[in-house]
Every structure is written in structure tokens, then in C-alpha cells.
Amino acid sequence: MAELLTRTACDGLEALEIGSLSLAESAPQAMTTLAPYKGQQAALGKAMKAAHGLGFPAVHGSTTGKGARAIWFGRDMALLIGPEPDPGLARHAALTDQSSGWAVLELAGSGAEDVLARLCPVDLRLTQFEVGASLRTEAKHMMASICRLDKDRFQIMVFRSMARTLHHDLKTAMEARAARG
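The following refers to the structure shown. (Residues numbered from 1 in each chain as written. Predicted model: local features only at pLDDT ≥ 70, side-chain atom pairs only at ≥ 80, totals over all residues. Heavy atoms only, no water.)

1. Observations concerning the sheet that holds strand E3 (residues 30-36)
Next, step 1: The strand order across the open sheet built from five strands is E4-E5-E6-E3-E7, with neighbouring strands paired in antiparallel fashion. Each edge of the open sheet is held by one strand with a lone partner, namely strand E4 (62-65) and strand E7 (93-97). On average, each strand axis in the sheet is tilted by 25 degrees relative to the strand beside it, whichever way the strands run.
Next, step 2: Inspection of the sheet shows E3 paired to strand E6 (residues 77-82) by five bridges, in the antiparallel sense. Each bridged residue has a counterpart across the sheet, and for Thr33 the counterpart in E6 is Leu79. (Pairing = 2+ DSSP bridges. Helix = DSSP H or I, 4+ residues; strand = E, 2+ residues; numbered from the N terminus. Axes fitted to C-alpha atoms, helices over the stretch in contact; angles between N-to-C directions.)

Here is the structure:
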């Protein structure tokens, strides 16, 4: 019988420290999409609050609570990150496990916005993209989800198959930024 090993999407990719910036894989966590049934978004938000201490995020937003985070993940969809979803949420939404389908990296440090500006066609400056903001956009040629976790810290997610490409593109942009510094 074959022995299967669990590997994250970023397994084997080195954590980077370039100039004032760092890039590393986020600690693996459960990730579940929540797609509310028609007319159930408010009820889902209440159920999420009771079960996980957070509500359904607004468009381009995120919510946090009890070791969990929910990020806006597209039209009428959120991604719950952290705990396994409470089974009661299934009364209000379709739940789909996404845990092994995404590569999740964190870019942190002074100049993170400059690095992402080289890859993304959106304005991610703090004045336009506040802490807690989340969006789906392009990162070079890949579709990505980006969430600002703190003033100088971003979570960047791409499909699992794009992990190495994202790591390479971020490393190249980090090196270019450091060379200008």
C-alpha cells in the first residue's frame, strides 16, 4: 500500500529575508468557502458570530474573532480561515473545504506595498486599502486573493499549482525593491 504524505502548497519553498522585507508561508489552517443560500446572508452572519465570534465580511473586507478570520472571497462568498466550520452554518450556506487548494504566503515589512505594486494592477497603498481589506485581483498573470493583515503585512493566496510561480515573482520584486533602496 502506498504511503501518502501531507504537503502544503509551499512545501520546499524557502522563507526569504530581502532588505526590510520577509516572505514566508502562512501556517496551514482549515479554509472553507461559505456561499450563502438566497436570502440567507444575514442569518449566516448571525450563525458565524455565534459559532466563531465573527460576522460575514462586507465586500472587500474581512472579520476576525475566536482564532478565526473570514475574508471577502468574491460575489456572495467568504473564506473562513482557521477553525473547521461549525456544522450549523450549513443551514445557511454551501460549505466547501479549500484547505489544500491554495498556496498562502505572507509578505511583511516596510516596502511591501511597493513589491505588490510591481505585480498587481490595483492601488494597495494604506490610504486606499486599509488593514482588513481583502480583494481578488491579478498578481502578474495569476488570479490571487490579497488581504492586508497589518500596516506592512499582506496575505497573498493563489491556486496551489501557482505556488512556485508566486514565490519566484515575489522574490524577484523584493530583490528589485531592495536594489533601489
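2. Some points on the pattern of salt bridges
Next, step 1: Counted under the stated rule, the structure contains eight salt bridges.
Next, step 2: Taking the shortest distance from any N to any O, the salt bridge between Glu14 and Lys171 comes out at 3.8 Å. Residue Glu14 is found in the segment before strand E1 (16-18), and its partner Lys171 is found in helix H3 (residues 163-180); the two are separated by 157 residues along the sequence.
Next, step 3: Among the salt bridges present, the one from Asp123 reaches Arg125, with a minimum N-O distance of 2.6 Å. (Salt bridge = Lys/Arg side-chain N within 4 Å of Asp/Glu carboxyl O.)

3. Remarks on the packing of aromatic side chains
Next, step 1: Scanning the entire structure with this criterion turns up three aromatic pairs.
Next, step 2: Residues Phe129 and Phe154 carry aromatic rings whose centres are separated by 6.4 Å and whose planes lie at 10 degrees to one another, so their mutual orientation is stacked. One end of the pair, Phe129, is in the loop between helix H2 (112-117) and strand E9 (134-139); the other, Phe154, is in strand E11 (residues 153-159), with 25 residues separating them in the sequence. The burial state of Phe129 is the same as that of Phe154; both residues are buried.
Next, step 3: These aromatic residues form a ring-pair network of at least three members: Phe73, Trp102 and Phe159.
Next, step 4: Lying across the ring of Phe73, Arg136 places its NZ or CZ 4.3 Å from the centre. (Phe/Tyr/Trp six-rings, centres within 6.5 Å; stacked < 30°, edge-to-face > 60°. Buried < 20%, exposed > 50% of the residue type's maximum accessible area, 1.4 Å probe, protein only. Lys NZ or Arg CZ within 6 Å of the ring centre and 35° of its normal.)

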